[in-house]
Amino acid sequence: MSESVTSGDLEQRILGVVRDVLDDGGIAADDGWVASGGTSLKAVWLVAGLARETGVLLDLSDVGDATSAVGLTAILSEHLDGSG
């Protein structure tokens, strides 16, 4: 990951996308996105939103594996570091 982007910054950007997709500004970083109203269609929107925000196109299975913004940050950090 770029030194100018900390994992905290990335997490906040990802959380912003999750909140936008779910139309819920009160979701915390460790809240499960499915339990907060996520659906399979919203998972597609989440993948698209994350790609716009980070430049990384995740698989839908990545979104399923990462149950929260914290989990998505870990997966995206690997991709941005070149190890994913």
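Note that the structure is a prediction, hence the values are computed from the model and not measured.

Colleague: Give me the lowdown on unusual backbone geometry, citing residues and values where you can.
Modeller: The backbone of Asp23 shows a phi angle near 50°, a positive value even though the residue is not glycine. Turning to its location among the elements, Asp23 is positioned in the loop between α1 (7-22) and α2 (40-54).

Colleague: Report on the nonpolar core, specifying residues and quantitative values.
Modeller: Within the largest apolar cluster, 22 residues are counted, with the highest numbers of intra-cluster contacts made by Ile14, Val18, Leu46, Leu50 and Leu72. Those elements that provide at least two residues to this core are α1, α2 and α4 (69-81). Residue contributions to this core peak at 7 residues, all from α1. In this structure Ile14 touches Leu50, Ala69, Leu72, Thr73 and Leu76, once residues within four positions along its chain are discounted.

Colleague: Let's hear about the side chain of Ser68: which residues, and what values?
Modeller: If you trace the backbone, Ser68 turns up in the loop between α3 (60-65) and α4. A relative accessible area of 8% places Ser68 in the buried class. Ignoring sequence-local partners within four residues, the contact set of Ser68 consists of Ala29, Asp30, Asp31 and Trp33.

Colleague: I'd like a description of the environment of Gly25, backed by residues and values.
Modeller: With respect to the helices and strands, the residue Gly25 is situated in the loop between α1 and α2. On the basis of relative accessibility, which here comes to 60%, the residue Gly25 falls in the exposed class. For the pair Gly25 and Leu50, spaced 25 residues apart in the sequence, the C-alpha separation amounts to 17 Å.

So, how was this worked out
Residues numbered from 1 in each chain as written. Predicted model: local features only at pLDDT ≥ 70, side-chain atom pairs only at ≥ 80, totals over all residues. Heavy atoms only, no water. Helix = DSSP H or I, 4+ residues; strand = E, 2+ residues; numbered from the N terminus. Core = buried A, V, L, I, M, F, W, Y, C linked by side-chain atoms within 4.5 Å. Buried < 20%, exposed > 50% of the residue type's maximum accessible area, 1.4 Å probe, protein only. Contact = heavy atoms within 4.5 Å.

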